[in-house]
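# Observations on the three-dimensional arrangement
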Amino acid sequence: MTGLFRVPNREIQDRIRRLQSELQQEQIEAAFIAQRVDLFYFTGTAQNGYLYIPAQGEPALFVRRYAPRARIESGLEWIVEIRSVKELTDRIVDFFGPGRARIGFELDVLPVREFEYYRSLLAPSDVADISPLILKVRSVKSCWELAQMDAAASLSAETFAHMRTILAPGLTEMAFAGLVEAYARGRGHGGMLMSRSAA
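About the thresholds
- Residues numbered from 1 in each chain as written.
- Predicted model: local features only at pLDDT ≥ 70, side-chain atom pairs only at ≥ 80, totals over all residues.
- Heavy atoms only, no water.
- Core = buried A, V, L, I, M, F, W, Y, C linked by side-chain atoms within 4.5 Å.
- Buried < 20%, exposed > 50% of the residue type's maximum accessible area, 1.4 Å probe, protein only.
- Helix = DSSP H or I, 4+ residues; strand = E, 2+ residues; numbered from the N terminus.
- Contact = heavy atoms within 4.5 Å.
- Salt bridge = Lys/Arg side-chain N within 4 Å of Asp/Glu carboxyl O.
- Axes fitted to C-alpha atoms, helices over the stretch in contact; angles between N-to-C directions.
- Parallel < 35°, antiparallel > 145°, perpendicular 65-115°, else oblique.
- Left-handed = near helix turned anticlockwise from the far one by under 90°.
- Nonpolar A, V, L, I, M, F, W, Y, C, P; charged D, E, K, R; others polar.
- Pairing = 2+ DSSP bridges.

### Overview of the nonpolar core
- The biggest cluster of nonpolar side chains holds 26 residues, and the ones touching the most others in it are L19, L23, I33, F42, L51, I53 and I130.
- Broken down by secondary-structure element, the contributors of at least two residues to this core are α1 (9-25), β1 (30-33), α2 (36-43), β2 (48-54), β3 (60-65), α3 (67-73) and α6 (131-139).
- Of all the elements, α1 adds the most residues to this core, at 4 residues.
- The residues touching I53, leaving out its near neighbours within four places in the chain, are I16, L19, Q20, L23, A30, A31, I33, F42 and P59.
- Counting residues in hydrophobic clusters, the runner-up holds 20 residues, among them F32, Y50, A60 and F105.

### Concerning the pattern of salt bridges
- Summed over the entire model, instances satisfying the criterion amount to 12 salt bridges.
- Linking R15 and E11 is a salt bridge whose minimum nitrogen-to-oxygen distance equals 3.7 Å. You can see R15 and its partner E11 sitting in helix α1, 4 residues apart, about one turn around the helix.
- A relative accessible area of 3% places R15 in the buried class.
- When salt bridges with common partners are traced through the structure, they connect E11, R15 and E145 into a single cluster.

### Points about the packing of α2 against α6
- Contact geometry for α2 and α6: axes closest at 12 Å, N-to-C directions at 50°. Between α2 and α6, the crossing angle belongs to the class labelled oblique. Considering the relative orientation of α2 and α6, their crossing is left-handed. Residues V37, D38, Y41 and F42 of α2 form the contact with α6, whose participating residues are I134, V137 and R138.
- Here the contact of α2 with α6 is composed, by residue class, of 5 nonpolar, no polar and 2 charged.

### Side note on the sheet that holds β1
- In spatial order, the strands read β4-β3-β2-β1-β5-β6; together these 6 strands make up an open sheet with mixed pairing. Because the sheet does not close on itself, it has two edges, and the strands there are β4 (78-81) and β6 (126-129). Adjacent strand axes in the sheet meet at a mean angle of 25° when their direction is disregarded.
- Both β3 and β4 contribute to a ladder of 4 bridges, which runs parallel. Note that in β4 the partner of L61 across the bridge is I79.
- α1 contacts β1 and β2 of the sheet and is inclined by roughly 55° relative to β2.

Here's what the structure looks like:
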């Protein structure tokens, strides 16, 4: 698995539409997403940024680093480079008009200090926890997602099979780990196991 990995645009659009449907049902006017795994899920890129999804209409991705790559990786129409998180207030107003009364945040993974800072920037009159909505959307897998899980499982099985061929007496744990990582990276592994957590 080498070359550029890209989440199909139709996947991203479907995920956003399903979240917007949940937002509408809960009378939440917009979702503010800052956590890296959620950013990737809803945009196709894990660049340092913030995603603003209105309950209706097109979302906007505000990228601090690295906007050119985000534009290659993501099919979103509105990808905007910002120099500082402090620009968010004005940029969101530029795209969506005056502030929303009720904005949802990922309260299960967003550190309190960050949440308080984003809330002060966006200044909604009310906030909501959109974590259950995100988890509900993510719990339903598409055919494309199932195919990716299948491919990842096959690569994992290959890696474990390779581990059996290199394990030998006298090989240190560090050397063994290095050989395994080199093999996995050669097969397309990014070197990190991402999970939806605050870390």
